[in-house]
Amino acid sequence: MVVANCVTLIDQQIKSKKGLSSVVVKTAYGLVNALKPRMIEKSVNSLLDDFIEQLQVYYQYYQKEGSNGSLEQYLCARAGDVAEGLLQVTDQRAKSSSNMTVIKVYNRLRPKGKEHVEIAVPELGKILDKYLTNI
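Below is a short write-up of the structure.

Moving on, we come to the overall build of the chain. If you tally the helices and strands in the chain, you get seven helices and zero strands. Going residue by residue from the N terminus, the α and β elements of the chain occur as α-α-α-α-α-α-α. Along the longest, intermediate and shortest principal axes, the C-alpha atoms of the chain span 45 × 30 × 25 Å. Looking at the 135 residues of the chain, the share that counts as buried comes to 31%. The contacts of the chain with a sequence gap of at least 6 include a subset with a gap of at least 24, amounting to 70%. Counting only carbon and sulfur atoms, one obtains 56% of the accessible surface of the chain, whose full area is about 8800 Å². Here the chain contributes 18 positive and 14 negative side-chain charges, whose respective centroids are spaced 8 Å apart.

Below, the structure is given as structure tokens:
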């Protein structure tokens with residue numbers, strides 16, 4: 001369910017992009033979905049453990065500090081750092097990939113990556129809040 005929620009988040013983020021630079025992102029995403037319909041889901045699933053490891057640090061600080069707000073609010077206040085941590089995971093994966101097409105597309109999109117991930121942090125926080133409250 002977490003993977004499905006994350007894929008939905010990605011879909012929504014891509015659809016919400018505006019402007020000229022969004023054309024490249026939307027085109028690349030559409031191409032991936034057309035050629036390999038489950039690639040995004042499989043990618044999220046394969047990256048999830050590493051993403052969780054990155055996010056766990058924030059969750060531990062959140063608990064230790066006894067923050068009054070939600071985890072979503074805590075992450076939003078640190079959106080730049082959260083984005084950078086998540087992108088470290090994808091950067092590492094891209095470096096170790098043997099798929100030259102994936103590497104080429106990733107390297108083309110990466111310069112704007114932090115900006116895009118930061119925008120998604122609030123929704124990511126909501127997903128995490130949803131599942132962490134059920135633990």
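With 20 residues, helix α7 (residues 113-132) extends 26 Å between its outermost C-alpha atoms, agreeing within 8% with the 28 Å of an ideal straight helix rising 1.5 Å per residue. The largest bend along α7 reaches roughly 45° and is located at Val 121, with the proline Pro 122 sitting one to four residues downstream. Burial in α7 covers these residues: Gly 113, His 116, Ala 120, Val 121, Leu 124, Gly 125, Ile 127 and Asp 129. Buried residues in α7 make contact with α1 (2-16), α2 (21-35), α3 (39-65), α4 (71-76), α5 (79-96) and α6 (100-109).

Definitions and limits used
Residues numbered from 1 in each chain as written. Predicted model: local features only at pLDDT ≥ 70, side-chain atom pairs only at ≥ 80, totals over all residues. Heavy atoms only, no water. Helix = DSSP H or I, 4+ residues; strand = E, 2+ residues; numbered from the N terminus. Buried < 20%, exposed > 50% of the residue type's maximum accessible area, 1.4 Å probe, protein only. Contact = heavy atoms within 4.5 Å. Areas by Shrake-Rupley, 256 points an atom, 1.4 Å probe, with all protein chains shown as cover. Lys, Arg positive; Asp, Glu negative; His and termini not counted. Charge placed at Lys NZ, Arg CZ, Asp CG, Glu CD. Expected span 1.5 Å × (residues − 1). Bend = angle between axes of the 7 residues up to and from the residue.

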